[in-house]
Amino acid sequence: MKKLLSISLILILSLSRSFTAHAAIDKEDYDAATAAAFYLMLLDFADLYGDPLPTEDYGKDVTFQFSDGISSPQLKQKMEQQISQLLTNLNKAAYNNTDVNYAGLDIDNLASQTIGMTWNNVHFTTEEDFIVDHCLTIKSGGRVSGYQVRNIGVNMLPINDTYGGPMRKELCIDFNSVGKIIDFNFTMDKTNYVNIMKEGLRLKDEDRRMMIIGWCQQFEKAYCDKNIRFIEDVFSDDALIITGKLVTQRVKNDVMPQNGVVFEPKGKKEYIAGLKRVFANNQRLKVKFDDYRVVRHPAKPDYYGVTLKQDWHSDSYSDQGSVFLLWDFTDEDHPKIHVRTWEPGIECSFKATDFKI
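Residues numbered from 1 in each chain as written. Predicted model: local features only at pLDDT ≥ 70, side-chain atom pairs only at ≥ 80, totals over all residues. Heavy atoms only, no water.

### Topic: the packing of helix H6 (residues 190–203) against helix H7 (residues 206–225)
It is at 8 Å that the axes of H6 and H7 come closest, and there the two elements cross at 150 degrees. The orientation of H6 relative to H7 falls into the category roughly antiparallel. Here Tyr-193, Ile-196, Met-197, Glu-199, Gly-200, Leu-201 and Leu-203 of H6 come into contact with H7, specifically with Glu-206, Arg-209, Met-210 and Ile-213. Of the residues in the contact of H6 with H7, the class split is 7 nonpolar, 1 polar and 3 charged. (Axes fitted to C-alpha atoms, helices over the stretch in contact; angles between N-to-C directions. Helix = DSSP H or I, 4+ residues; strand = E, 2+ residues; numbered from the N terminus. Parallel < 35°, antiparallel > 145°, perpendicular 65-115°, else oblique. Contact = heavy atoms within 4.5 Å. Nonpolar A, V, L, I, M, F, W, Y, C, P; charged D, E, K, R; others polar.)

Laid out in structure tokens, this is it:
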């Protein structure tokens, strides 16, 4: 344990020196990483001297309130209580290093399973114990289908060395129309989100775009959690999936090897089988989506082309490239991906009208 204490102290000192030497380091990541290291040191002290950790530091109770966005007092109170209890339970589970307790929460199985998959890889605690935020309304077919709260800041507490993401993230919690928790994700970049929704206001399809953002966030998280069931369900049975892989090859008469790209079109079954092998063979897998662009099909308004930048990092392979997804929202409760492509670089050469629907 003394060895662990020394490691924690060294980590804090190293972070301090790194921050001093490299002013460009993201301040939020630095603060969160330092907090995590300090927490490890406190754990070591507690174990050495028998003193419990102060509950208010990492096991704190959370109070959440909506600032606006919901008119029903009963529903507002229920959702506020749900969010407060869930965030409190997450804090206490991180503090006690246990599974998350869902007793007393109105949460569906898929949402709790989603939290559990993330919890197996990394724990997290809220930045604040009193949170006030806006309630977003989600509509489907002109009727209210649910609600959403975004931008709940959390500090990440890795439980092993497989986590390679940022040390600070923001949560997004989704509810159905009666206040039941139905989804739980980490949010996309705020600026990107605002730009997509501004375009939605112009085209009067902001509700659909909010749904697309939510499903893409789930899609990203499914790779990180190795949630093969979600990925298998979201692809249509006749999906076209074009994968790409960077390969190093030596060109004749060239001293230095050069990178090439191998493309391979696959059906759903072949892609899922290969992805299962990737999940099984890599303990560490980090997938990050950024720079979303959402374009509605000009002739078929239920179809949307989504392009995004993908960073893929695993134990055995890493790359960066552009992904194109052709989403079908004919059934808004069960949207499907008909096309998924990957290509290197930041510019995507595919668009929704390139494919026969």
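### Points about the environment of Ile-182
With respect to the helices, strands and loops of the structure, Ile-182 is situated in strand E7 (residues 181–186). You can call Ile-182 partly exposed: its relative accessible area is 33%. (Buried < 20%, exposed > 50% of the residue type's maximum accessible area, 1.4 Å probe, protein only.)

### A word on the nonpolar core
Counting 42 residues, the largest nonpolar core has Phe-219, Tyr-223, Ile-231, Phe-235, Val-306, Leu-325 and Trp-327 as the members making the most contacts within it. Considering each element in turn, this core owes the most residues, 9 residues, to H7. With sequence-adjacent residues up to four places away left out, Val-306 is seen in contact with Ile-212, Cys-216, Tyr-292, Arg-293, Val-294, Val-323, Phe-324, Leu-325 and Trp-327. Phe-66, Val-122, Leu-157 and Phe-184 belong to the second-largest nonpolar core, a separate cluster that totals 36 residues. (Core = buried A, V, L, I, M, F, W, Y, C linked by side-chain atoms within 4.5 Å.)

### A short note on the pattern of salt bridges
Pairs may arise between side chains of opposite charge once their charged atoms sit close together. This structure, assessed with the given rule, holds 15 salt bridges. Where Asp-61 meets Lys-92, a salt bridge forms, and the shortest distance between an N and an O atom there is 3.1 Å. With Asp-61 in the loop between helix H3 (55–58) and strand E1 (63–66) and Lys-92 in helix H4 (residues 73–96), the pair connects residues that are 31 residues apart, well separated along the chain. Close ionic contact of Glu-170 with Lys-190 constitutes a salt bridge, the shortest N to O distance being 3.5 Å. Placement of Glu-170 in strand E6 (residues 168–176) and of Lys-190 in helix H6 is noted, with a sequence separation of 20 residues between them. Judged by its relative accessible area of 12%, Glu-170 falls in the buried class. Classification of Lys-190 as partly exposed rests on a relative accessible area of 45%. One network of salt bridges, with partners in common, ties together Glu-127, Arg-168, Glu-170 and Lys-190. (Salt bridge = Lys/Arg side-chain N within 4 Å of Asp/Glu carboxyl O.)

### Points about H6
For an α-helix, 3.6 residues make a turn, and residues three or four places apart therefore share a direction. A rise of 1.5 Å per residue sets the reference length of H6, with its 14 residues, at 20 Å; its end C-alpha atoms lie 20 Å apart and thus fit the reference within 8%. The set of residues buried in H6 consists of Asn-192, Tyr-193, Ile-196, Met-197 and Gly-200. Buried residues of H6 fall within an arc of 125 degrees about the axis and therefore sit on the same side. Across from the buried face of H6, at angles greater than 90 degrees, the exposed residues are Thr-191, Lys-198, Leu-201 and Arg-202. For H6, the side-chain oxygen to backbone nitrogen distance between the N-cap and Thr-191 is 3.1 Å, and the N-cap itself is Asp-189. Directly after H6, the chain includes Lys-204, whose backbone phi takes a positive value near 60 degrees. (Expected span 1.5 Å × (residues − 1). Arc of directions from axis to C-beta. Polar contact = N/O pair within 3.5 Å; in protein donor to acceptor, adjacent residues only side chain to side chain.)

### Here we look at the side chain of Asp-328
By the element assignment, Asp-328 lies in strand E12 (residues 318–328). Put simply, Asp-328 is tucked away with no salt bridge, and the nearest opposite charge, on Arg-208, sits 7.3 Å away. Only 3.3 Å separates the side chain of Asp-328 from the side chain of Tyr-303, close enough to count as a polar contact. There is a polar contact of 3.0 Å between the side chain of Asp-328 and the side chain of His-338. Those residues in contact with Asp-328, other than ones at most four positions away along the chain, are Asp-302, Tyr-303, Pro-335, Lys-336 and His-338. (Lys, Arg positive; Asp, Glu negative; His and termini not counted.)

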